[in-house]
Amino acid sequence: MSETLLRLTGIRKTFPGCVANDNIDLAIAPGEIHALLGENGAGKSTLVKMIYGVLRPDAGEISWNDRGVSVDNPASARALGIGMVFQHFSLFESMTTLENVALALPPQDLQTLRRRLNDTAEQYGLKLHPDRYVYDLSMGERQRIEIVRCLLQDPKLLILDEPTSVLTPQETDILFATLRKLASEGRSILYISHKLEEVRALCDRATILRGGKRVDDCVPSQETAQSLAEKMIGRRVESARGRSGQAASETRLSVNHLSVRSGELHGTDLQEINLTVKAGEIVGIAGIAGNGQTELMSALSGETGAPQSGTIKIGSTDATRMRPMDRRQLGAVFVPEERIGQAAVSDLSLTQNSFLTSAKRMGFSTKGLISWDAVSQFTDDILKRFNVRATGKDALAKSLSGGNLQKFIVGREILQKPNLIVVSQPTWGVDAGAAAAIHDEIQALVSAGAGALVISQDLDEIFALSDRIAVISRGTLSEPQPAHSVTTEAVGLLMGASALSAQQVSHA
Amino acid sequence: MLRLEARATSSASAAWLSPVLALTLTGITGAVIFLAMGKAPGVALYLYFIEPLTSWSGLSEVMVKAGPLILIGTGLSLGFRAGVWNIGAEGQFIAGALLGSAPAIYFYQSTNPMILPLMVMLGVLGGMAWAAIPALLKTRFNANEILVSLMLVYVAELLLIHLVQGAWRNPQGWGFPGTRMFPDAALLPMIVAGYRVHLGTLIALTVPFIAWFVLQKTSFGFHVRVFGSAPLAARHAGIGQQRMIWSTLLIGGGLAGLAGVMEAASTIGQLMPKISPGYGFTAIIVAFLGRLHPIGVLLAGITIAVTYIGGEGAQISAGLPKAVTGLFQGIILFYLLAFDLLTRYRITRVHSQASAS
């Protein structure tokens, strides 16, 4: 008899320059929903990639139904009965749902497959439309395709990597129902997350990783979110300091009837966006990735050319047709979502990176000549004031961890003493300590009279920071509401709203 | 099974070691080739790499050849850093020589000292104009600058042949293709009597230092570096894409054009059906051998020039075919690219990981 489906013993994996997994043990029983909990960079993804055969362990054993196995590649993982839904979906946007599913399976008759697809989807309450094109689908719908595609191969173990990061609260509920149904059939689920409440609500057991090591093993329902967080982070978590002061009447940013056509294939066009940010106020924009956040950020920062219609005012100046550097001269700073390659250049030093956006506003460049001494001093200030851990101001940007680099980038912008900060995904992939520090700094800046626009997919973050909250969905922005008068559920409904209505339309 | 694995760190010293190693291995490979050809490898290598450096006249010839390579290589390295792949410097070189030579051909009896500055200016403009075509097509229609600039090389070559056999042919030239000889006022002054080193050589030696200053100390230089390595960051910082494409192509074209007119107005002294031994293409090797760094380009230009001069010497005194020069240049580039790969990746052996069964 077999009481363990999958057992890992002493798994170790090193990459050049770091030990990603060190002596990790893990056991999953049939029908168990097992959480793999840890901060970003704790080694969760590396571990599951070895289970799924994408990577090979340097040492340690993997056993399946108490028999030692070697998982050489994803195909042999699937042959064992392991299915995986990655955080980044592997779907072809310009193909339909059915075509995407067919591509991943052995060649077969499309009509039979369509029937099986519909049957499986219905059985687990996963709504799917076989003939719709993927680019047209919400992230939740795309995830359902991935899940159904796994289920068609009848897996014994289903691995899900951060599945709820792209879902609305309502979609999350649907997913959880599906997962519980799968578990009740005796299938095991390995659920990777750093969201404590989800793990407590869903999982039977949890293995906690920290810094590549297994630090604990517990039953989540018997823990509190606080105790789980302490295990995960390794120390007490301080809550953000909060902030004083009220929104003043002075307007820092006003956007009127802004419409922008996205330059990207399958991008999201912005339609009639209206928005104001006052001094001393944080406005939060919630929404699922790919609903126009990137386009909104580029339109505000001036990276994309003039909009199709509408105006953008920074302070009282019309900036609609201004270039990025001129907008910064007006006192606006921007922290885009992509840290490496957009906010910072990986192969340049921190000093050079601080020059990147501060050149004009800090007066580091006169008549085309750069005064590197001044930039270097500025960089020292950033590193000190924002507690950036780096070997020095000459360190290359790529040598910093995600959290430290984000602290550096936010520091670079805040030390330019802006009147307005527009920041996208400020703490995405950042460890809890750095995230709290970044939140504190944004709040301090706003307390001092600046305005802030925070675009984030993380609802907790939106609610923790914002005075007013709006939701972006399919390129339109809802009317911002005072944070104390809206609920998570209401925001969640708005996040999924137009996706739902579009579905109904296509149904009719 | 062997596999390439990215190295965690790629050191700056390794980046500079790879050209040195590439040159060493080129020497060794050359020795093997000479052996196979039945020549004494020691002698042949000496003729190629050492002989040109052992006499003043040899050194002078090396510097004369290095001049255009350094000028063009410096311009190309700026563009390559920005990710703008101008492969057509050969055409821009010819275009510069054509436009720059026009005053000397139309005013072939001129003694006006202003004719030379005018020619240099027109030479730069000619190279720029030729490079402006790929710039325009790239910024307007997103046409690939590699293809456009490369194809324009052949257009320039044919235009040159057309002119020297037609409208610009020397009426007193007994029908041979080629223009009149330039008047003395249209020739670059020599620096040392008896040697062919000329003012253009000196200019070529100073340009890398200017480029180095621009890269290190100016906003434009900074923008070039950012634009090439992180286009999105460049956009975020407000560095205009169109401006970078235009400016790097115009600088590259301008320097190639300058090299072209100075070549015509010095060692050649007229226009002929063929005025370049492939400087524009060889300069691509120079740019990479010099690590796209202006001072590196200076050193690489001199190194490659040695192979040109050594090749001529070996051809005369040892009867080695001229093609060996091109062969050497190709081998250098080959090894260089191989070592560059190995500084960024290492080869690991993948052996079947058997977990106990």
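What comes next concerns the included structure. (Residues numbered from 1 in each chain as written. Chains lettered and ligands numbered in written order. Predicted model: local features only at pLDDT ≥ 70, side-chain atom pairs only at ≥ 80, totals over all residues. Heavy atoms only, no water.)

1. Focus on the overall build of chain A
Let me state the cut-off plainly: Only DSSP runs of H or I reaching four residues or more are called helices, and only runs of E reaching two or more are called strands; each is numbered from the N terminus. As defined in this context, the radius of gyration uses C-alpha atoms, and a globule is described by 2.2 Å times the residue total to the power 0.38. Exposure classes here rest on a 1.4 Å probe applied to the protein chains alone. A residue is buried below 20% of its type maximum, exposed above 50%, and partly exposed in between. Any pair of residues with heavy atoms lying within 4.5 Å of one another is described as a contacting pair. The Shrake-Rupley method, run with a 1.4 Å probe, gives the accessible areas here. Residue values count only the displayed protein chains as cover.
Each helix and strand in chain A was counted, giving 16 helices and 23 strands. Its C-alpha atoms give chain A a radius of gyration of 24 Å, near enough to 23 Å, the size a compact globule of 508 residues would have. By its C-alpha atoms, chain A is 75 × 55 × 40 Å across when sized along the principal axes. Per-residue burial over chain A gives 53% buried out of 508 residues. When contacts within chain A are restricted to residue pairs at least 6 apart in sequence, those whose partners lie at least 24 apart make up 68%. Accessible surface, chain A as shown: approximately 21,300 Å² in total, 49% of it carbon and sulfur.

2. Examining unusual backbone geometry
Within the chain, Asp154 of chain A stands out as a residue other than glycine whose phi angle is a positive 55 degrees. Locating Asp154 of chain A in the fold gives a position in the loop between α5 (139-151) and β7 (157-161). By relative accessible area, which is 42% here, Asp154 of chain A ends up partly exposed. A positive phi is found at Arg291 of chain B, a non-glycine position, where the angle reads about 60 degrees. Within the secondary structure, Arg291 of chain B is located in the loop between α11 (279-289) and α12 (294-318).

3. Let's talk about the pattern of salt bridges
Residue and element names in this part refer to chain A. Applicable threshold: When a carboxyl oxygen of Asp or Glu lies within 4 Å of a side-chain nitrogen of Lys or Arg, that pair is called a salt bridge.
For the structure shown, the criterion picks out 30 salt bridges over all chains. Measuring nitrogen to oxygen at the nearest pair gives 3.7 Å for the salt bridge that ties Arg149 to Glu146. Linking Arg149 with Glu146, this pair stays in helix α5, spanning 3 residues, or about one helical turn. Residue Arg149 is classed as buried on the basis of its relative accessible area of 11%. Across the pair Arg187 and Glu185 runs a salt bridge, and its minimum N-O distance is 3.1 Å. On the basis of relative accessibility, which here comes to 17%, the residue Arg187 falls in the buried class. For Glu185, a relative accessible area of 35% gives the class partly exposed. One salt-bridge network, held together by shared partners, links Glu32, Arg205, Arg214 and Asp217.

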